[in-house]
Amino acid sequence: MRKHRFTSKKRKHIPTKYLLLVLSFVCVISIFTGLVFNISGGPLSAVAGYVFVPMQTGINNIGQWTSKKVNNFKTLSEVLEENEELKKQIDDLTNELTVSRMESYEVDNYREILKLDELYPGYEKIAASVVASDNNNWFDVFTINRGSNSGIKVGMNVLAGSGLAGIVISVSPNFATVRSVIDDANNVSAMVTTTGDNFNVSGNLQLMKEDQVITFSELRDTKGKVSIGDPVVTSYVSDQYEQGILIGYINSIEENSNGLTKSGTITPVVDFEHIQTVLVILNVKETSE
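About the thresholds
Residues numbered from 1 in each chain as written. Predicted model: local features only at pLDDT ≥ 70, side-chain atom pairs only at ≥ 80, totals over all residues. Heavy atoms only, no water. Helix = DSSP H or I, 4+ residues; strand = E, 2+ residues; numbered from the N terminus. Buried < 20%, exposed > 50% of the residue type's maximum accessible area, 1.4 Å probe, protein only. Contact = heavy atoms within 4.5 Å. Areas by Shrake-Rupley, 256 points an atom, 1.4 Å probe, with all protein chains shown as cover. Phe/Tyr/Trp six-rings, centres within 6.5 Å; stacked < 30°, edge-to-face > 60°. Patch = residues over 30% accessible without salt bridge, like charges linked within 9 Å, V, L, I, M, F, W, Y side chains within 5 Å. Salt bridge = Lys/Arg side-chain N within 4 Å of Asp/Glu carboxyl O. Lys, Arg positive; Asp, Glu negative; His and termini not counted. Charge placed at Lys NZ, Arg CZ, Asp CG, Glu CD. Pairing = 2+ DSSP bridges. Axes fitted to C-alpha atoms, helices over the stretch in contact; angles between N-to-C directions.

Peer 1: Help me understand the overall build of the chain in this model?
Peer 2: Each helix and strand counted, the chain has 3 helices and 12 strands in total. By residue count, 30% of the 289 residues in the chain fall in the buried class. When contacts within the chain are restricted to residue pairs at least 6 apart in sequence, those whose partners lie at least 24 apart make up 58%. A total of about 19,400 Å² of accessible surface is found on the chain, and carbon and sulfur atoms cover 54% of it.

Peer 1: What's the story with the packing of aromatic side chains in this structure? I'm lost.
Peer 2: The geometry of an aromatic ring pair is captured by two quantities: the separation of the ring centres and the angle between the planes. Counted under the stated rule, the structure contains 2 aromatic pairs. Residues F139 and F142 carry aromatic rings whose centres are separated by 6.1 Å and whose planes lie at 75° to one another, so their mutual orientation is edge-to-face. With a centroid separation of 5.1 Å and an interplanar angle of 65°, the aromatic rings of F199 and F216 are classed as edge-to-face. Of the two residues, F199 is situated in strand β7 (residues 198–202) and F216 in strand β8 (residues 214–219); the sequence distance between them amounts to 17 residues. The class for F199 is buried, based on a relative accessible area of 6%. Note on F216: relative accessible area 3%, which makes it buried.

Peer 1: Honestly, a negative patch on the surface in this entry has me stumped. Any pointers?
Peer 2: On the surface, E78, E81, E82 and E85 cluster together into a negatively charged patch. Following the sequence through the fold, E85 ends up in helix α2 (residues 42–119). According to the relative accessible area criterion, E85 is partly exposed, its value standing at 42%.

Peer 1: Teacher, can you tell me more about the sheet that holds strand β4 (residues 163–171) here?
Peer 2: Two strands in a sheet stick together by hydrogen bonds in their backbones, pointing the same way (parallel) or opposite ways (antiparallel). Spatially, the 6 strands close up into a barrel ordered β1-β2-β5-β4-β3-β12, and their pairing is antiparallel. Neighbouring strand axes in the sheet, compared pairwise and without regard to direction, differ in orientation by 45° on average. When strand β1 (residues 125–133) meets strand β12 (residues 277–281), the two strands line up antiparallel, connected through 5 bridges. Bridged to A128 within β12 is V278.

Peer 1: Help me understand the side chain of D140 in this model?
Peer 2: Checked against the element boundaries, D140 lands in the loop between β1 and β2 (141–144). Contacts of D140, omitting those with residues within four sequence positions, involve N135, V178, R179, S180, I182, D183 and L205.

Peer 1: How should I be thinking about the sheet that holds β7 in this particular structure?
Peer 2: Overall, antiparallel pairing links the 6 strands, which are arranged β6-β7-β8-β11-β10-β9 in a closed barrel. Averaged over neighbouring strand pairs, the angle between their axes works out to 40° when direction is ignored. As judged from the 4 bridges shared by β8 and strand β11 (residues 262–268), these two strands associate in the antiparallel manner. Looking across to β11, one finds that F216 is bridged to G264.

Peer 1: Can you help me understand unusual backbone geometry in this one?
Peer 2: With the exception of glycine, the majority of residues adopt a negative phi angle, and the majority of peptide bonds are in the trans configuration. Even without being a glycine, Q212 presents a positive backbone phi close to 60°. Structurally, Q212 is set in the loop between α3 (205–211) and β8. Using a relative accessible area of 36% as the deciding quantity, one classes Q212 as partly exposed. In the Ramachandran plot, E218 falls in the positive-phi region, its phi being about 60° despite a non-glycine side chain. Secondary-structure assignment places E218 in strand β8. For E218, a relative accessible area of 47% corresponds to the partly exposed category.

Don't take any of this as a statement about function, it's just geometry.
Structure follows, in structure tokens:
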């Protein structure tokens, strides 16, 4: 018997995207025909209802979504622009505040110098600014922006705060170096104003750092009248300092082992951590030989 061979032909499958494309084309042609020939109702109308109404709804939704995104983008852009403007305003206000504070500080500093000048009216003085210091935290030795061109000489007394800051130890045409009363190498012949007793005041940077005091010695307080808080000024017997410049106030007193003299500490009237401006007395004390 013959065996019949049946050959099955493979069916060709049309891709879905092409079917959708054809259907879309047919729908478009149908709608166009209906519009041109004024056909209403019937199959074409139904096709339009099933096909184009959802399409229109989708397009509207996409349009609304896009519109919202555009509006949101505009809003974000406006917010960023406003933020930049606010930052600029804050920077401007910060700069104005800084300038205002600096001007206020300069005014206060100027008033302090005027007040200091009034405390010692008997001396001709010149103002100078501190431009450098040998110590980062303490002004034991510092440089001012006045020199020989301004009449500054070695040996001139320097004032700050409400009293004695130090003495000029070197001079160049435009600058001068000042050694303050807290420096270890500094010694001042001083006097207690309440009793007139003379003694020696010595700089002590270490004690100044620890307790904000310097030392004194050789006080002959035979009557025991010197008390804590008494003012200490430069003595008339000093060979370097003008008389009567306030140095500070007695902070502590102790009797020496010899029973004749006393020692102790003094709190200076000058803030040796924040000296900005000084007055230099334009006179070198002359002593008789």
